[in-house]
Amino acid sequence: MKTNLIIAGFSGIGKTYLGNKYKNVIDLDPAPYAYTDIGLEHLNMEERKGLKRSPNKDFPNNYIKAIKDAQSEYDIILVWDRIDIIKEYLKNNINFIICYPEENSLKEYKIRFLKRGNNKDYPDKKINEYYEKVKYFNTLPNKKIILKGTETLEYYLKKNNIYLKEKNLQSEMHPLG
């Protein structure tokens, strides 16, 4: 098993960006595990967030399994920060760090949500969840990464010399083009 960090991160901290940019990072977006998304295939993943979706009967066990499986392949695993799922991590002895923005940054996060294409109700929903989550997070002994201002998780990891291995798109292309 690799030495890795599992980071439960608030929406908008840059999980998807990191997973797309670095080959030693995976963003385990819970949506494919939590929902079946029947009838929403015409929408991209960001547009689906916040909509009423059909639950997957295998969730959260399928998500916990995916996290455990990813530990042998990735240095950094980015996961969901929903309170009920955090409780599943604890129940399954998954060690994780919690990452969220400071309260003064929430206006910036609303802008991020809209820029990335989330539906119009999503920003307010996430901001409203923020206070309940942070109150719960503060009851846990887990390490916390609290992003300030416009900081992203990538900025924090680089600032703290956490190894990030950029994807080399050239070497990953098919040899025949």
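For the structure given in this document, a descriptive report is provided here. None of these values were measured; they are calculated from a predicted model.

### Some thoughts on the packing of helix α6 (residues 106-115) against helix α7 (residues 122-137)
- The interhelical angle for the contact between α6 and α7, taken along N-to-C directions, is 145°, at an axis separation of 9 Å. Taken as a pair, α6 and α7 cross one another with a handedness that is right-handed. Contacts from Leu106, Lys110, Phe113 and Leu114 of α6 reach α7 at Tyr122, Pro123, Asp124, Lys126, Ile127, Tyr130 and Tyr131.
- Along the lines of polarity and charge, the residues of the contact of α6 with α7 split into 8 nonpolar, no polar and 3 charged.

### Overview of the pairing of strand β1 (residues 5-9)
- Summarising burial for β1: 4 of the 5 residues are buried, a large majority.
- Pairing geometry for β1 and strand β3 (residues 76-79), over 4 bridges, is parallel. Across the sheet, residue Ile6 finds its bridge partner in β3, namely Ile77.
- Relative to strand β4 (residues 97-101), β1 runs parallel, the two being bridged by 3 bridges. Pairing of Gly9 across the sheet is with Cys99, part of β4.

Calculation notes
- Residues numbered from 1 in each chain as written.
- Predicted model: local features only at pLDDT ≥ 70, side-chain atom pairs only at ≥ 80, totals over all residues.
- Heavy atoms only, no water.
- Axes fitted to C-alpha atoms, helices over the stretch in contact; angles between N-to-C directions.
- Helix = DSSP H or I, 4+ residues; strand = E, 2+ residues; numbered from the N terminus.
- Left-handed = near helix turned anticlockwise from the far one by under 90°.
- Contact = heavy atoms within 4.5 Å.
- Nonpolar A, V, L, I, M, F, W, Y, C, P; charged D, E, K, R; others polar.
- Buried < 20%, exposed > 50% of the residue type's maximum accessible area, 1.4 Å probe, protein only.
- Pairing = 2+ DSSP bridges.

Honestly, that's just the spatial picture; any functional story needs more than this.
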